[in-house]
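# Summary of structural features
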Amino acid sequence: NEKSIVLEEEEESDIDIASYAYQIWKEATDKDHKLKDIIPALSDVAYSAKESEQGGAIVYTKTGFGNDVLKFIDKNKQVHCPSPIEILEMAKCPPDETASTPLEIHHDLVRIGVEEILKEETKIGGQLGSPSSIKNRLYRKLNNYQDDLKIEDQDLKKSIQDIYNYPLTQKAKELLSRQIKSGISGKGLFEMVHNLRLDGELCIITDEPAQSAARIICSMSLS
């Protein structure tokens with residue numbers, strides 16, 4: 001994904017997974033400019049395989065709620081939840097590495113991974129993603145600001161509802177993620193959200209709120 005933010009799931013740590021993933025993309029395309037055309041043109045559900053001691057499958061999905069999720073499923077059909085960076089490291093290989101033969105059960109493993117992703121979204125409230133996602137943190141901070149106001153602000157209420165119901169735009173993710181990390185006040189955060197909403201750049205508004213479904217972007221067999 002050529003976007004500067006490829007994963008909604010952002011860990012609360014010193015390592016910014018979005019910046020890490022973007023750096024992988026930038027270094028690869030700087031070395032081989034053809035990748036800028038080749039990779040975006042790949043169809044969904046594309047898959048490959050590499051030799052690995054782990055054994056299993058990695059699946060990358062985008063859910064109906066706009067969350068990007070990576071999962072690792074081992075060859076015994078057990079779903080594991082390492083950090084996104086650890087999964088990216090598992091998939092790492094040089095440009096000239098020869099693709100290996102996928103595991104015979106590769107697609108079964110991918111199915112198990114997607115089923116687990118959908119189950120988790122239902123359990124945690126898929127609209128918001130995990131507690132560490134930018135969308136979830138934004139929603140909680142604005143709700144806390146609303147509580148502090150002691151009065152109901154209709155513009156704030158509508159902004160919170162949009163954030164809950166619809167995916168954030170790429171611009172909103174990048175801008176608001178930086179501001180939350182910098183410790184912006186509730187008032188300052190709402191002002192930014194309000195301006196983005198007025199400009200139509202806060203959320204991707206559709207006729208109906210997003211539904212819990214998962215689109216498989218790609219997968220890798222670790223054989």
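A short tour of the structure in this document, coming up. (Residues numbered from 1 in each chain as written. Predicted model: local features only at pLDDT ≥ 70, side-chain atom pairs only at ≥ 80, totals over all residues. Heavy atoms only, no water.)

## Quick look at the overall build of the protein
Helix and strand counts for the protein stand at 8 helices and 5 strands. For the protein, the succession of helices and strands along the chain, N to C, is α-α-β-β-β-β-α-α-α-α-α-α-β. Across the protein, every contact between residues at least 6 apart in sequence was considered, and the portion connecting residues at least 24 apart equals 73%. Total accessible area on the protein is roughly 12,500 Å²; 51% of this is exposed by carbon and sulfur atoms. (Helix = DSSP H or I, 4+ residues; strand = E, 2+ residues; numbered from the N terminus. Contact = heavy atoms within 4.5 Å. Areas by Shrake-Rupley, 256 points an atom, 1.4 Å probe, with all protein chains shown as cover.)

## Some thoughts on the packing of helix 7 (residues 170–181) against helix 8 (residues 186–198)
Taken N-terminus to C-terminus, the directions of helix 7 and helix 8 make an angle of 170 degrees; their axes are 11 Å apart at the nearest point. The pairing of helix 7 with helix 8 is recorded here as roughly antiparallel in orientation. Between helix 7 and helix 8, the residues in contact are Lys171, Ala172, Leu175, Leu176, Gln179 and Ile180 and Leu189, Met192, Val193 and Leu196, respectively. Residues of the contact of helix 7 with helix 8, tallied by class, amount to 8 nonpolar, 1 polar and 1 charged. (Axes fitted to C-alpha atoms, helices over the stretch in contact; angles between N-to-C directions. Parallel < 35°, antiparallel > 145°, perpendicular 65-115°, else oblique. Nonpolar A, V, L, I, M, F, W, Y, C, P; charged D, E, K, R; others polar.)

## Observations regarding the pairing of strand 3 (residues 68–74)
Counting buried positions along strand 3 gives 7 out of 7 residues, so the element sits mostly inside the fold. Across 7 bridges, strand 2 (residues 56–63) lies against strand 3 in antiparallel orientation. Counted as the bridge partner of Thr61 is Val69 from strand 3. (Buried < 20%, exposed > 50% of the residue type's maximum accessible area, 1.4 Å probe, protein only. Pairing = 2+ DSSP bridges.)

## Some words on the packing of aromatic side chains
The way to describe two aromatic rings as a pair is by their centre distance and the angle between their planes. Tallying each qualifying case throughout the model produces 2 aromatic pairs. Relative to Tyr164, the ring of Tyr139 has its centre 5.7 Å away and its plane inclined at 40 degrees; by these criteria the two rings are tilted. Of the two residues, Tyr139 sits in helix 5 (residues 134–149) while Tyr164 sits in helix 6 (residues 154–165), which places them 25 residues apart along the sequence. On the accessibility criterion, Tyr139 (21% relative accessible area) is partly exposed. Overall, the relative accessible area of 30% leaves Tyr164 in the partly exposed class. (Phe/Tyr/Trp six-rings, centres within 6.5 Å; stacked < 30°, edge-to-face > 60°.)

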